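Each chain, written out:
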Amino acid sequence: MHRRSRGVNIGLLLLLSQIFQVGINNVPPVTLATLALNIWFFLNPLKPLLSSCLSVEKCYYQKDWQRLLLSPLHHADDWHLYFNMVSMLWKGIHLERRLGSRWFAYIIVTFSLLTGVVYLFLEFALAEFLNEPDFKRNCAVGFSGVLFALKVLNNHCCPGGFVNVLGFPVSNRFACWVELLAIHFISPGTSFAGHLAGILVGLMYTHGPLKKIMELCTGIFPSNIDYPGQQYYFNSSGYSGYQDYYPYGGRGAYEDVPRNYDTYTAGLSEEEQLERALRASLLDQEERPIYRKYME
């Protein structure tokens, strides 16, 4: 295990501040464990980034398949970790309470592995189709492929809403695709194939056979196990950019309303925090250039 060199990690401090402001007791257990695991591996990476990132050359040709497990849990810098884990915090609060902790844990593990496999397939296909072997050497690291898959699932669970992408309202139906393009317009060094792989995995779950296959593989628990205090009411305008959405009627349909996280995010939506984090990351990278292409 390699300890990360000491220094002031502002992104990590901001992440910890948001977690504690939301309240550890308010974060469902699998979401909290995922945050803790990623923070741990950021501070104590099992291997250097170039030995844990995911590429066709390393995985397929050199048979280093452990990278499928390592790459989602390693991040290039503190801002990379910050944005991914803040996004995980928002999505985890939503999805784990809706789906149940055990099924959500199953989704996290499945999405993590399958996103890596789809990423390798996309890079291999691009290399062969364009006759450009450099695609096989593109090495990606980070949790954002999984986050794009979770975003597809989250949008599927809350149809009819809107997200704010760079100041423009976008329907949930197209939000992932617009954000995919927006991220790479703002920060072209990120892994387009890694994010696209996440979207495809999410679509395989929401509109394809993946959910049924997962249920057949387990047969142990259904996907609708309740999390204590679960409510099928969502008002996420404060922390994920959605407009108010009431699937079962008006605001009075339920007495308990999820907390408003505006105070913890300065009123910024997820997409606005994305833009701010990416800009900060780009400024930081000017001082500390990064050799590899990585997931956002």
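Preceding block: the structure.
From a predicted model like this one, the values you see are computed outputs, not experimental measurements. (Residues numbered from 1 in each chain as written. Predicted model: local features only at pLDDT ≥ 70, side-chain atom pairs only at ≥ 80, totals over all residues. Heavy atoms only, no water.)

## Looking at the packing of helix α7 (residues 101–130) against helix α10 (residues 192–206)
One way to put it is that α7 packs onto α10 with a least axis distance of 8 Å and a crossing angle of 130°. It follows from the interaxial angle that α7 and α10 lie oblique. Along this stretch, α7 crosses α10, giving a crossing that reads as right-handed. Side by side, α7 and α10 meet where W103, I107, F111, L114, T115, V118, Y119, L122 and E123 of the first sit next to A193, G194, L196, A197, G198, L200, V201, M204 and Y205 of the second. (Axes fitted to C-alpha atoms, helices over the stretch in contact; angles between N-to-C directions. Helix = DSSP H or I, 4+ residues; strand = E, 2+ residues; numbered from the N terminus. Parallel < 35°, antiparallel > 145°, perpendicular 65-115°, else oblique. Left-handed = near helix turned anticlockwise from the far one by under 90°. Contact = heavy atoms within 4.5 Å.)

## Here we look at the state of the cysteines
Using the criterion set out here, one finds 1 disulfide in the structure. With its sulfur 1.9 Å from that of its partner, C53 forms a disulfide with C139. Judged by the sign of its S-S torsion, about 90°, the bond between C53 and C139 is right-handed. Highlighted residues: C53 in the loop between α3 (49–52) and α4 (56–61) and C139 in the loop between α7 and α8 (144–157), separated in sequence by 86 residues. Of the two residues, C53 and C139, both sit in the buried class. No disulfide involves C59; its sulfur sits 7.7 Å from the nearest other cysteine sulfur, which is in C139. (Disulfide = S-S within 2.5 Å. Buried < 20%, exposed > 50% of the residue type's maximum accessible area, 1.4 Å probe, protein only.)

## Considerations on the pairing of strand β1 (residues 162–165)
Here β1 shows a clear split, with V163 and V165 buried on one side and none of F162 and N164 buried on the other. Remark: 2 residues form the turn of the hairpin made by β1 and strand β2 (residues 168–171), two consecutive strands paired antiparallel; L166 in that turn has positive phi of roughly 55°. (Pairing = 2+ DSSP bridges.)

## Regarding the packing of helix α2 (residues 29–43) against α7
Between α2 and α7, the least distance of the axes is 8 Å, while the angle of their chain directions is 35°. On α7, the residues that touch P29, V30, T31 and T34 of α2 are S101, F104, A105 and I108. The residue inventory of the contact of α2 with α7, partitioned by class, reads 5 nonpolar, 3 polar and no charged. (Nonpolar A, V, L, I, M, F, W, Y, C, P; charged D, E, K, R; others polar.)

## A look at the packing of aromatic side chains
Taken as a whole and assessed by the stated rule, the structure comprises 5 aromatic pairs. One aromatic cluster is present, formed by Y60, Y61 and F124 through successive ring pairs. One cation-aromatic arrangement involves K63 over Y60; the distance from NZ or CZ to the ring centre is 4.9 Å. (Phe/Tyr/Trp six-rings, centres within 6.5 Å; stacked < 30°, edge-to-face > 60°. Lys NZ or Arg CZ within 6 Å of the ring centre and 35° of its normal.)

## Section: unusual backbone geometry
Of note in the backbone geometry, K63 takes a positive phi value of approximately 60° without being a glycine. Take K63: it is sitting in the loop between α4 and α5 (67–70). For N131, which is not glycine, the phi dihedral falls at a positive 55°.

## Comments concerning the environment of H75
Take H75: it is sitting in the loop between α5 and α6 (78–99). When its relative accessible area of 1% is taken as the criterion, H75 is described as buried. Note: C-alpha distance between H75 and V141 (66 residues apart in sequence) is 6.2 Å. Side-chain polar atoms of H75 contact the side chain of N84, separated by 3.2 Å. (Polar contact = N/O pair within 3.5 Å; in protein donor to acceptor, adjacent residues only side chain to side chain.)

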